[in-house]
Amino acid sequence: MVVLVLSEVAVTELNLEESFTTHAGIAHTRWATHGVPAPRNSHPQTSGSGNDFLVVHNGVITNYEVLKETLVRHGFTFESETDTEVIPKLAKFVFDKANEEGDQTVAFNQVVLEVMRHLEGAYALIFKSRHYPNELIACKRGSPLLLGVKELNDDVCNGSAFHDAKFLSKNGNPKELFLSSDANAIIEHTKKVLVIEDGEVVHLKEGGVSILKFNNDKGRNGDSLSARPASVQRALSILEMEVEQINKGKYKHYMQKEIHEQPESLTTTMRGRLLRGGSCKAKTVLLGGLKDHLKTIRRSRRIVFIGCGTSYNAALAARPILEELSGVPVTMEIASDLLDRQGPIYREDTAVFVSQSGETADTLLALEYTLENGALCVGITNTVGSVIARNTHCGVHINAGCEIGVASTKAYTSQIVVMAMLALAIGGDTISKQERREAIIDGLFDLPNKIREVLKLDQEMKDLAKLLIAEQSLLVFGRGYNYATALEGALKVKEVALMHSEGILAGEMKHGPLALVDENLPIVVIATHDACFSYLRIISLC
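Along each chain, the written sequence defines residue order, and numbers are assigned to residues from 1. It should be noted that, the model being predicted, local features are given only for residues of pLDDT at least 70 and side-chain atom pairs only at 80 or more, the latter also being counted only at that level, while totals for whole chains, interfaces and linings use all residues. Excluding hydrogens and water, the side-chain values take into account all heavy atoms of the structure.

If you look the chain up in an unreviewed UniProt entry, it shows as glutamine--fructose-6-phosphate transaminase (isomerizing) from Gossypium darwinii. UniProt positions are given in the numbering used here, feature names are shortened, and annotations may be inferred rather than shown by experiment. Turning to the chain, the UniProt record has this under Catalytic activity (unreviewed entry): "D-fructose 6-phosphate + L-glutamine = D-glucosamine 6-phosphate + L-glutamate". Of the chain, the UniProt comment under Pathway (unreviewed entry) reads exactly: "Nucleotide-sugar biosynthesis; UDP-N-acetyl-alpha-D-glucosamine biosynthesis; alpha-D-glucosamine 6-phosphate from D-fructose 6-phosphate: step 1/1."

Okay, here's the thing in structure tokens:
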């Protein structure tokens, strides 16, 4: 993708050595959610040849087709297949219409607020316009967005961009402002951040920052452009991470690094929570974020795990141990499916929301739905200060450390361990399960060492992967605890190898999947020495 962009730049007359005095710029690397990975579908997306408005976007606009049809009827032409392109074109339409009606003073934030009124879906957006030089506007709904603030010392500031006194802070030092959907992009510049809330609009202008609250109210004479948004005052927070965490070190890529960090990340996840002394009574679990709600959880009608993708699989892996130790019925919900069905949630339920980022759009909507229905909401996230961490009644931070790889690894195993500790905490008052609880605690303490042993098989895994590299499809079977492992393994193959793969419950093999099996189809069977081993051994011998 980068090579394609550079080849297009090479045939233009763009002077890459030219210096600019502009104070504002935008860029974005994004997975292609609409259209093929190609320069025309890359960001920023533009309103047209004049680049009146430019937009970068993280999220999905669900009503983009309707907006696109409307804009085409008004004479706009589209060059990309993205959902994003409707946004800058809609901004230009709003701006042009305001000028046609004689409003020569329409402000940048008024244009953006009007655009927001027409958008549906999840998004974090940054706008730039030639009509408003040295200004940026960012807004969000459902997708994460951070504002980083950095003050520069005099000896650091050598460029002309910061000569303007308007860029000085109260102590006289110039400052830089950063907008990002991920803290990893900001941490190398500053630890001071502001977490932007849904419906907030951030206006960066001449070194100043103003935050407005979006609403759908109309202004005078029903004119939404004349509506005055409320101003919001917010306090900065400090990121609890270090630059070293985002370096790859000796590894070729982040996912490999994070796989090998699992012994340390799991140790950190359990530190201070899993307690084991010289006596049996000392083997216990302490989850400070849940201690005031444990009695309520134990009396729950049921426990409902809600998540997406890897987080859902982690919850599925933990379900058997939670049912075993707590005696409370446990149900699983994919966040988007719960919303589509408007599934029943009761006041006597405990809903556990699992999300590495704490900002997953469908999970956030499910949280809002669950809160409206009055259930106790528990958050399990890897991000302090995330929306799920702030909006749930209680929760547990998994402490897995920064995870940059798109395909989750160490966060997945830390999520499972946290939910195992959750099961131990909920079932802590059951005397009949005491011996079983102590065995699980001993196993958890030994888990980092077992993972270190598995990681020594790195070369064997590479050799095995080479045998499968030319295959078109892969089936992964698991049963009991390892059904979730099969689902997660298949998901990783899809995400990383871009190969068709399916995780299948081994007990269902004879009910359809068996018809796919022949001598050429590769099959992986997850078979550990547990109660399901004999059944899985039969499959492996077939």
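Read on for the rest.
1. Examining the packing of aromatic side chains
Only rings of Phe, Tyr and Trp enter the pairing, Trp through its six-membered ring, and a pair is recorded when the two centres are within 6.5 Å. The plane angle decides the type: under 30 degrees is stacked, over 60 is edge-to-face, the rest tilted. Tallying each qualifying case throughout the model produces 4 aromatic pairs. The interplanar angle of 50° and the centroid separation of 6.2 Å between the aromatic rings of phenylalanine 53 and phenylalanine 108 together place this pair among those described as tilted. Of this pair, phenylalanine 53 sits in strand β2 (residues 53–61) while phenylalanine 108 sits in helix α4 (residues 108–118), and the two are 55 residues apart along the sequence. Judged by its relative accessible area of 0%, phenylalanine 53 is buried. Pairing phenylalanine 95 with tyrosine 132 gives two aromatic rings, centres 6.1 Å apart and planes at 85°, and the pair type is edge-to-face. The way it works is that DSSP assigns letters per residue, a run of H or I at least four long becomes a helix, a run of E at least two long becomes a strand, and they are numbered from the N terminus. Partly exposed describes any residue whose relative accessible area lies between the buried limit of under 20% and the exposed limit of over 50%, with all areas from a 1.4 Å probe on protein chains only and scaled to the type maximum.

2. Some points on the side chain of serine 47
By the element assignment, serine 47 lies in the loop between β1 (45–46) and β2. N or O atoms closer than or at 3.5 Å make up a polar contact, with two conditions inside protein: a donor-capable atom paired with an acceptor-capable one, and, for residues adjacent in sequence, both atoms drawn from side chains. Looking at serine 47, its side chain comes within polar contact range of the main-chain nitrogen of aspartate 52, at 3.3 Å. The contact definition used throughout considers only heavy atoms, calling two residues in contact when any of these lie within 4.5 Å. Those residues within four positions of serine 47 in sequence are excluded, and the remaining contacts are Asp52, Phe53, Phe76, Pro88, Lys89 and Lys92.

3. A few points about the sheet that holds strand β5 (residues 146–151)
Only strands joined by at least two bridges in the DSSP assignment are considered to pair. A sheet is described by the order of its strands in space; here 4 strands give the open sequence β6-β5-β7-β11, paired in antiparallel fashion. Here the strands that pair on one side only, and so sit at the sheet edges, are β6 (175–180) and β11 (237–238). Relative to β6, β5 is paired through 6 bridges, and the arrangement is antiparallel. Bridge pairing in β6 places glycine 148 opposite phenylalanine 178.

4. Structural notes on the pairing of strand β14 (residues 303–307)
Of all 5 residues in β14, 5 are buried, a share of seventy percent or more. Burial of the side chains of β14 extends over both faces: Ile303, Phe305 and Gly307 are buried on one face and Val304 and Ile306 on the other. As defined by bridge partners, β14 adjoins strand β15 (residues 330–334) across 5 bridges and the pair is classed as parallel. The residue of β15 that forms the bridge with glycine 307 is isoleucine 334. Between the parallel pair β14 and β15, the chain is carried across by helix α8 (residues 309–326), and the sense of this crossover is right-handed. Note on handedness: a clockwise path from strand one over the helix to strand two, with the strands aimed away from the viewer, defines a right-handed crossover.

5. Re the sheet that holds β2
Spatially, 7 strands are ordered β1-β2-β3-β4-β8-β9-β10 in an open sheet, and the strand pairing comes out antiparallel. The outermost strands of the open sheet, each flanked by one partner alone, are β1 and β10 (230–232). Note that strand β4 (residues 135–141) and strand β8 (residues 200–205) share 5 bridges and pair antiparallel. Pairing of leucine 136 across the sheet is with leucine 204, part of β8. Axes, fitted as lines to C-alpha atoms, cover a helix only where it is in contact. Angles between the N-to-C directions of the axes lie from 0 to 180 degrees. Seen against the sheet, helix α3 (residues 86–100) touches β1, β2 and β3 (121–129) and runs at an angle of roughly 130° to β2.

6. Quick word on the confidence of the model for the chain
Averaged over every residue, the pLDDT of the chain is 85; residues scoring 70 or more account for 88%. Here pLDDT means the predictor's own confidence in every residue, given as a number from 0 to 100. Per-element confidence in the chain is highest for β14, whose mean pLDDT is 98, and lowest for helix α1 (residues 2–10), whose mean pLDDT is 65. Confidence drops under pLDDT 50 across residues 154–168; counting only partners more than four residues distant or on other chains, this segment forms 27 contacts.

7. Points about a nonpolar patch on the surface
Like-charged residues within 9 Å of one another, or nonpolar side chains (Val, Leu, Ile, Met, Phe, Trp, Tyr) within 5 Å, are grouped into patches, provided each residue has over 30% relative accessible area and no salt bridge. To be clear on the numbers: accessible area is Shrake-Rupley with a 1.4 Å probe, and residue cover counts the displayed protein chains and nothing else. Should a side-chain nitrogen of Lys or Arg be within 4 Å of a carboxyl oxygen of Asp or Glu, the pair is scored as a salt bridge. The grouping of Val454, Leu457, Met461, Leu464 and Leu467 at the surface amounts to a nonpolar patch, some 490 Å² of accessible area in total. With 3 residues, helix α14 (residues 458–468) is the largest single contributor of residues to the nonpolar patch. Examined against the element boundaries, leucine 457 turns out to sit in the loop between α13 (434–455) and α14. A residue is classified by how much of its surface remains accessible, and leucine 457, at 37% relative accessible area, is partly exposed.

8. A closer look at the nonpolar core
Among the nonpolar cores identified, the biggest contains 50 residues, and Phe305 and Met421 are the most heavily contacted of them. Sorting elements by how many residues they give to this core places helix α12 (residues 410–426) first, with 12 residues. We define the nonpolar core as a collection of buried residues of types Ala, Val, Leu, Ile, Met, Phe, Trp, Tyr and Cys that are connected through side-chain atoms lying within 4.5 Å of one another. Among the nonpolar cores identified, the runner-up in size contains 32 residues, and Val55, Val86, Phe108 and Met116 belong to it.

9. Focus on helix α15 (residues 482–497)
In this model, α15 (16 residues) spans 21 Å end to end at C-alpha, consistent with the 22 Å of a helix rising 1.5 Å per residue. Listed as buried for α15 are Asn482, Ala484, Ala486, Leu487, Glu488, Ala490, Lys492 and Val493. Buried residues along α15 sit in contact with α5 (254–260), α8, α12, β19 (473–478) and β20 (500–505). Each helix should span, by expectation, one fewer than its residue count multiplied by 1.5 Å.

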